[in-house]
Amino acid sequence: MFALSDKPIAEHSLLRDCTHARAGALAVFEGRVRSLNQGREVTQLEYEGAEPLAGNEFAKIEDETLRRFDVLEIRCVHRVGLLQIGDVAVWIAVLAAHRGPAFDACRHVIDELKQRLPIWKKEFYTDGDSGWINNP
Amino acid sequence: MITVDVTYYAMLREQRGASNEQVQTEATDTALLYEDLAARHHFRMPKEKLKVARNDEFVDWSTPLRKGDRIAFIPPVAGG
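Residues numbered from 1 in each chain as written. Chains lettered and ligands numbered in written order. Predicted model: local features only at pLDDT ≥ 70, side-chain atom pairs only at ≥ 80, totals over all residues. Heavy atoms only, no water.

J.: Can you tell me about the sheet that holds strand E7 (residues 88-96) of chain A, naming the residues and giving the values?
T.: Residue and element names in this part refer to chain A. With mixed pairing, the four strands of this open sheet are ordered in space as E1-E5-E7-E2. Because the sheet does not close on itself, it has two edges, and the strands there are strand E1 (2-5) and strand E2 (25-32). Taking the axes of each pair of neighbouring strands and ignoring which way they run, one obtains an average angle of 10 degrees across the sheet. Contacting E1 and strand E5 (73-79), helix H2 (residues 53-68) runs over the sheet at an angle of about 150 degrees to E5. Lying on the sheet, helix H3 (residues 99-116) is in contact with E2, E5 and E7; it crosses E7 at an angle near 145 degrees. (Pairing = 2+ DSSP bridges. Helix = DSSP H or I, 4+ residues; strand = E, 2+ residues; numbered from the N terminus. Axes fitted to C-alpha atoms, helices over the stretch in contact; angles between N-to-C directions. Contact = heavy atoms within 4.5 Å.)

Printed below as a string of structure tokens:
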């Protein structure tokens with residue numbers, strides 16, 4: 001499951017819905033907005049995403065991850081829009097029978113997502129400046 | 001000459017001043033399309049830094065262009 005959301009991620013209700021009779025393990029990653037990036041104080045940031053390209057590419061990541069790791073289900077929600085310090089920018093959950101594959105697959109998903117999904121981040125700094133990450 | 005639909009994101013959208021447009025072009029593949037548009041609009045982003053999507057899938061730069069294709073140029077990503 002994948003979604004881009006322009007509303008705050010409801011991580012508690014997403015968590016509550018993460019059930020699977022065969023799952024002895026649930027690994028969750030939350031990517032959050034932090035206030036310091038490369039020595040600069042961040043006030044807020046803005047995410048932009050391309051759909052359905054992001055969903056299509058995530059489906060490939062999901063497929064690859066399900067083949068490579070012994071896991072049952074993968075779910076992901078990524079924010080778009082304006083986010084404040086502490087907000088959840090991305091939420092990933094992996095259900096598996098056992099904890100090893102759950103942890104490993106969860107790590108793999110966020111690593112792949114960061115490399116491949118058509119999502120961009122613009123940071124705003126306390127000095128009034130702003131910039132797109134990876135696009136100097 | 002064919003007409004394609006082009007979408008720009010992030011930095012490229014800011015450089016173009018628009019997120020989407022219909023483009024008439026002589027270009028026969030996605031690489032030539034970008035070169036055409038970069039020349040018209042003085043994009044400061046080399047093709048080597050971008051990826052390209054055609055009809056909602058990533059493709060490589062040598063992908064032929066067809067009338068009605070929806071092309072998106074993808075600046076360096078920063079999700080997660």
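J.: Could you give an account of the pattern of salt bridges, naming the residues involved and the relevant values?
T.: Overall, the coordinates contain 19 salt bridges over all chains when judged by the stated rule. One salt bridge connects Asp 6 of chain A with Lys 7 of chain A, and the closest N-O pair in it is separated by 3.3 Å. On the accessibility criterion, Lys 7 of chain A (55% relative accessible area) is exposed. As a salt-bridge pair, Glu 57 of chain B and Lys 60 of chain A come within 2.9 Å of each other at their nearest N and O atoms. Here the residue Glu 57 of chain B occupies a position in strand E4 (residues 57-59), and Lys 60 of chain A occupies one in helix H2, the pair thus bridging two chains. The partly exposed category is assigned to Glu 57 of chain B, whose relative accessible area is 31%. What makes Lys 60 of chain A partly exposed here is its relative accessible area of 33%. (Salt bridge = Lys/Arg side-chain N within 4 Å of Asp/Glu carboxyl O. Buried < 20%, exposed > 50% of the residue type's maximum accessible area, 1.4 Å probe, protein only.)

J.: Could you give an account of the packing of H2 of chain A against H3 of chain A, naming the residues involved and the relevant values?
T.: Residues and elements named next belong to chain A. Interhelical geometry of H2 versus H3 gives an angle of 150 degrees and a closest axis separation of 10 Å. By the angle between their directions, the pair H2 and H3 is classed as roughly antiparallel. The chirality of how H2 crosses H3 is right-handed. Of H3, the residues touching H2 (which contributes Glu 57, Phe 58, Lys 60, Ile 61, Glu 64, Thr 65 and Arg 68) are Ala 105, His 108, Val 109, Glu 112, Leu 113 and Arg 116. (Parallel < 35°, antiparallel > 145°, perpendicular 65-115°, else oblique. Left-handed = near helix turned anticlockwise from the far one by under 90°.)

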